[in-house]
Amino acid sequence: MIKHLKGRGTILAAIASGALLVSGCATETTYRPATGKGFYRTGYSDRQIETDRWLVTFAGNTVTDRDTVERYLLYRAAELTVQNGYDYFVMVDRSTDRQAQTYSTPGPSFGMGGWWGPSWRYYGRGFGWRAWDPWWGDPFWGDNVDVRTVDRYEASAEILMRKGTPARDEVRAFNARDVIDKIGPSVVMPKP
C-alpha cells in the first residue's frame, strides 16, 4: 500500500512540475535582444544602413499581441536614437507582418479493444488520449478534434535619425525622449 502511494506521489509531482513549466512558457515576449530563429525568433534587432539610417525590428511570440509588438518597435527606435546622440527619428517605412501556424490534434485510431469487439482511441482537447467503444457512452467525434491557428507578429521600420526639433507638420517624426518617457513604463523588461 505504501509503495503504491509513493508511486502516485511521484506522478503527481511530475504533473505539477510539468504544469509549472508550461505556464512559464505562456508569457508575453519581454523587451530584449532577439533570440531564436524563424517562427521562434523573438525580441528586437537593428541594423545600421547609413550613418543616420537604421532598420529596426521587433518580433513577438504567439502570446504577444500586435499592439505590444508595434509599441516595443517604437520604443527600440527611440532608445537607439538617443544612444546614437540624436534627438528625434523619422519613420521612413514601417510594416507589421502576421505569421500564422495551424495545429490540429491527431485523428482517431482503430483497434480491437475490451474483451472483444471494436474500440477507438482519439485525442480529446483538454483530456489527452481517450478511448471509445460501443458499450461506453463517450462521444466519438463530437468536439474532440481540435484545430487552432496561432498568430505571431513582427514589426519593422526604417528610421532616419536627426538632431534638433522636428517640423510641426512632419507626422512621421517622433521625439525620442518623449517616446521613451511615455512608452517606457509599459515596456516589460526581462527579469534578472
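The structure we're discussing is the one just above.
Every value quoted in this text rests on a predicted model; they were computed, and no experiment measured them.

A. Up close: the nonpolar core. One finds Tyr31, Phe58, Phe89 and Ile159 to be the most contacted residues of the largest nonpolar core, which totals 25 residues. For this core, the elements supplying multiple residues, two or more each, are strand 2 (53-59), helix 2 (66-83), strand 3 (88-104), strand 7 (147-162) and helix 3 (176-183). Broken down by element, this core gets its largest block of residues, eight residues, from helix 2.

B. Representation of the side chain of Thr68. In this fold, Thr68 is placed in helix 2. Residue Thr68 is classed as buried on the basis of its relative accessible area of 3%. Within the structure, the side chain of Thr68 is placed 2.6 Å from the side chain of Asp65, a separation counted as a polar contact.

C. Structural detail: the packing of aromatic side chains. Counted by the stated rule, this structure contains six aromatic pairs. With a centroid separation of 6.0 Å and an interplanar angle of 90°, the aromatic rings of Tyr31 and Tyr72 are classed as edge-to-face. One end of the pair, Tyr31, is in the loop between helix 1 (2-25) and strand 1 (43-50); the other, Tyr72, is in helix 2, with 41 residues separating them in the sequence. Like Tyr31, the residue Tyr72 is buried in the burial classification. Between Phe89 and Phe174, the aromatic rings sit 5.3 Å apart at their centres with planes inclined by 20°, giving stacked as the arrangement. Of this pair, Phe89 sits in strand 3 while Phe174 sits in strand 8 (residues 173-175), and the two are 85 residues apart along the sequence. Relative accessible area serves as the criterion here: at 0%, Phe89 is assigned to the buried category. It is Lys163 that lies over the ring of Tyr86; its NZ or CZ is 5.7 Å from the centre.

D. Representation of the environment of Met161 within the structure. Mapped onto the fold, Met161 is located in strand 7. Sequence separation of Met161 and Thr81 is 80 residues, and the distance between their C-alpha atoms is 6.1 Å. In contact with Met161, other than residues within four places in its own chain, are Asp52, Trp54, Leu80, Thr81, Asn84, Tyr86, Tyr88 and Phe89.

E. Summary view of the pattern of salt bridges. Per the counting criterion, the structure on display carries eleven salt bridges. Linking Arg76 and Asp46 is a salt bridge whose minimum nitrogen-to-oxygen distance equals 2.7 Å. You can see Arg76 sitting in helix 2 and its partner Asp46 sitting in strand 1, a full 30 residues away along the chain. With relative accessibility at 6%, the residue Arg76 sits in the buried group. Glu70 is paired through a salt bridge with Arg66; the nearest N and O atoms lie 3.0 Å apart. Here Arg66 and Glu70 lie together in helix 2, a separation of four residues that amounts to about one turn. Given the relative accessible area of 22%, Glu70 is considered partly exposed. When its relative accessible area of 41% is taken as the criterion, Arg66 is described as partly exposed.

Rules and cut-offs
- Residues numbered from 1 in each chain as written.
- Predicted model: local features only at pLDDT ≥ 70, side-chain atom pairs only at ≥ 80, totals over all residues.
- Heavy atoms only, no water.
- Core = buried A, V, L, I, M, F, W, Y, C linked by side-chain atoms within 4.5 Å.
- Buried < 20%, exposed > 50% of the residue type's maximum accessible area, 1.4 Å probe, protein only.
- Helix = DSSP H or I, 4+ residues; strand = E, 2+ residues; numbered from the N terminus.
- Polar contact = N/O pair within 3.5 Å; in protein donor to acceptor, adjacent residues only side chain to side chain.
- Phe/Tyr/Trp six-rings, centres within 6.5 Å; stacked < 30°, edge-to-face > 60°.
- Lys NZ or Arg CZ within 6 Å of the ring centre and 35° of its normal.
- Contact = heavy atoms within 4.5 Å.
- Salt bridge = Lys/Arg side-chain N within 4 Å of Asp/Glu carboxyl O.

On their own, these measurements won't tell you what the molecule is for.
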